[in-house]
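Chain by chain, the residues run as shown.
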Amino acid sequence: MGVMARRTSKPQSPPLHREEDIHTNNVIDNNTTNRRNHNISPPPSPPRRESILFSARGKSVLYMSISLAIHLGGYELSRAAVMALFTSDKLGFGKGKEGGLSALPMAVGCVSPFAVLLLWFYAKTLDVGGPSFALRTHTLICAGTQIVSGWILKAFDDYLQLDETKQDTNNLIFRNVKGWSQPLLFMLFVFQNAYVQLLYNQHWAFISSILTAEEGAKAFAPIAGLGSIGSTLAAGSVSVFIGRFGLIGLLHMAGISYIFSAILADCAFEKARRNGFEPSKYNSKSTIRSTEDSKGDYEQVNSSESKDHTAVKEYNKRNIYQQAYALFNRVPVLGALFLEVIVSQCLSSLVNFIYLYKLKATIIDDGDRASWAGNFYAWINGVSGILQFFGLNLLLRYCKAHRIWLFMPVLMLCCTIYTFATSSSSSSASGLFGTSASFFAIKVMEYSLRVAANESLYVSLDYESRYLGKKVISLGAGKFGKSTMALALSFVMIMYGEKEDIIWYLLLVATLFTILWLVTSIRLHSLVERSL
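Residues numbered from 1 in each chain as written. Predicted model: local features only at pLDDT ≥ 70, side-chain atom pairs only at ≥ 80, totals over all residues. Heavy atoms only, no water.

1. Considering helix 5 (residues 103-160)
Thinking step 1. A rise of 1.5 Å per residue sets the reference length of helix 5, with its 58 residues, at 86 Å; its end C-alpha atoms lie only 22 Å apart and thus fall more than 12% short of the reference.
Thinking step 2. Roughly 130 degrees is the biggest bend found in helix 5, and it falls at Gly130, with proline Pro131 one to four residues downstream. (Helix = DSSP H or I, 4+ residues; strand = E, 2+ residues; numbered from the N terminus. Expected span 1.5 Å × (residues − 1). Bend = angle between axes of the 7 residues up to and from the residue.)

In structure tokens form, the structure reads like this:
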């Protein structure tokens, strides 16, 4: 009766547990009475799973995802403008029908050393102000560089449009405009190619730090798809923007896009800061610590983990080359993947140069060339996004992931043969379509198929193989392959120049590298087969 009196005298409030269980189970009712009489708090209820979509973490991830999509869209605008201006006859290195692309391989070769310098600078800003300060600072540096460069190039372009009499009386320092615009465009090309990958990884580092493994498995594909949508829309709109704002106006629009990206990234960090889940550092230790936080295992560290930490400290005393050598000896499949990535990236850099060479020779006008390239990249991003969302899931149902390594070089060999067949055609449009087909194929495979194949390999390996292997292969093999081919092309252009039959020799080298890629892929495939 005392229990019933207490219940009726209090106004009803939403119960912590189901009310019907208390009415239908006397044992639960008695236990509840005993806990109240002895001031014993009820056992904690199991945590209620809140949907990530409507939580503070979900909003923070959404802000950062939109920031990532806008950043990639700004990069597409900048890439279209910089490539067209770099090969321009007025401001860039173009030489009319003679091409003038001899400086392009050297610029590509300078991207990797500059990326290392940027990584050091980013680490310094990360130590000074943390992830939020570093991402904001470097995104605004990108924005300012695009806007200021666009303003300077616009001044150069306006000067070139003056009458000859005005050129003799005004601005004598700018009489040789190319002497000023070419170094600026060279540095701008290196800058934007090095920065995009750095900031792209920082956006993903924030997202990966906020989401759990289960949430990431569901959210990473839509987030990547959102980035593909941003890239596709921006690239597809290049021709429209050029018609309204001009070619150099794309640089200003890219800078404005980066500013909006920085604002949204700050909103994501502010949301995380107010709710107590802001990442402190983007490294493996913070990731491990956050995982331990979610599991509540601060006070329980077993002896095996302590031994592992001691072993890791001893292991880290060796430099990165010794670590990579030991890892490749222990896991031969990673060594095979290292070689496969080097060869494929050499081929990718060569095919990219062939595509740009043919594009410059076919489309002389800078604005038309930028519009064509923008639409072309829109197709690349769109097809890659469709494959990421739908095609790969369907493909992996009927084909094992490691078979992709055999499929990619075979497809590339077919495209190279088709490029050979169309290169001798009298129609310049036909030749451009052939070289574009090879570049289209290799870029789509890099954005979609390669990611699926590599991740399927990494997921089956231990932590050291995943962490160190990814770092060495993505940074070491990828950058080494592109830089090596860029330096080789620079040497060829300096020694032999841009002869009429140079495209035939470049296609022959591309065919040889495609066959070499097939050989390394067969070796990698056989090693994976043995480990299954």
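2. Overview of the packing of aromatic side chains
Thinking step 1. Within this structure, the stated rule accounts for 19 aromatic pairs.
Thinking step 2. Between the aromatic rings of Tyr355 and Trp372, the centroid separation amounts to 6.3 Å while the plane-to-plane angle is 35 degrees, which identifies the pairing as tilted. Here the residue Tyr355 occupies a position in helix 14 (residues 332-362), and Trp372 occupies one in helix 15 (residues 366-398), the gap between them amounting to 17 residues.
Thinking step 3. Here Tyr377 and Phe439 contribute two aromatic rings whose centre-to-centre distance is 6.1 Å and whose plane-to-plane angle is 85 degrees, an arrangement assigned as edge-to-face. Taken together, the residues Tyr377 in helix 15 and Phe439 in helix 17 (residues 428-458) connect sequence positions 62 residues apart. Residues Tyr377 and Phe439 agree in their burial class; the two are buried. (Phe/Tyr/Trp six-rings, centres within 6.5 Å; stacked < 30°, edge-to-face > 60°. Buried < 20%, exposed > 50% of the residue type's maximum accessible area, 1.4 Å probe, protein only.)

3. Thoughts on the packing of helix 14 against helix 15
Thinking step 1. In the contact formed by helix 14 and helix 15, the axes pass within 10 Å of each other and the chain directions differ by 140 degrees. For the element pair helix 14 / helix 15, the angle class is oblique. Between helix 14 and helix 15 the crossing geometry is right-handed. Every residue of helix 15 that contacts helix 14 at Tyr355, Leu359 and Lys360 is listed here: Arg369, Trp372, Ala373 and Phe376.
Thinking step 2. Of the residues belonging to the contact of helix 14 with helix 15, the class tally is 5 nonpolar, no polar and 2 charged. (Axes fitted to C-alpha atoms, helices over the stretch in contact; angles between N-to-C directions. Parallel < 35°, antiparallel > 145°, perpendicular 65-115°, else oblique. Left-handed = near helix turned anticlockwise from the far one by under 90°. Contact = heavy atoms within 4.5 Å. Nonpolar A, V, L, I, M, F, W, Y, C, P; charged D, E, K, R; others polar.)

4. Quick word on the nonpolar core
It is characteristic of soluble globular proteins that their nonpolar side chains tend to be buried jointly.
Thinking step 1. Counting 124 residues, the largest nonpolar core has Leu153 and Phe189 as the members making the most contacts within it.
Thinking step 2. Per-element accounting of this core gives the leading share, 17 residues, to helix 14. (Core = buried A, V, L, I, M, F, W, Y, C linked by side-chain atoms within 4.5 Å.)

5. Topic: the pattern of salt bridges
Thinking step 1. Tallied over the entire structure, the rule returns 11 salt bridges.
Thinking step 2. One salt bridge in this structure joins Asp89 and Lys360, with 3.2 Å as the shortest N-O distance. With Asp89 in the loop between helix 4 (56-86) and helix 5 and Lys360 in helix 14, this residue pair connects regions lying 271 residues apart in the sequence.
Thinking step 3. Given a relative accessible area of 27%, Asp89 falls into the partly exposed group.
Thinking step 4. The class of Lys360 is buried, set by a relative accessible area of 1%.
Thinking step 5. Among the ionic pairs, Lys154 bridges to Asp158, the shortest N-O distance being 2.8 Å. A residue pair is termed a helical-turn pair when its members lie 3 or 4 positions apart in one helix, as Lys154 and Asp158 do in helix 5 at 4 residues.
Thinking step 6. For Asp158, a relative accessible area of 33% gives the class partly exposed. (Salt bridge = Lys/Arg side-chain N within 4 Å of Asp/Glu carboxyl O.)

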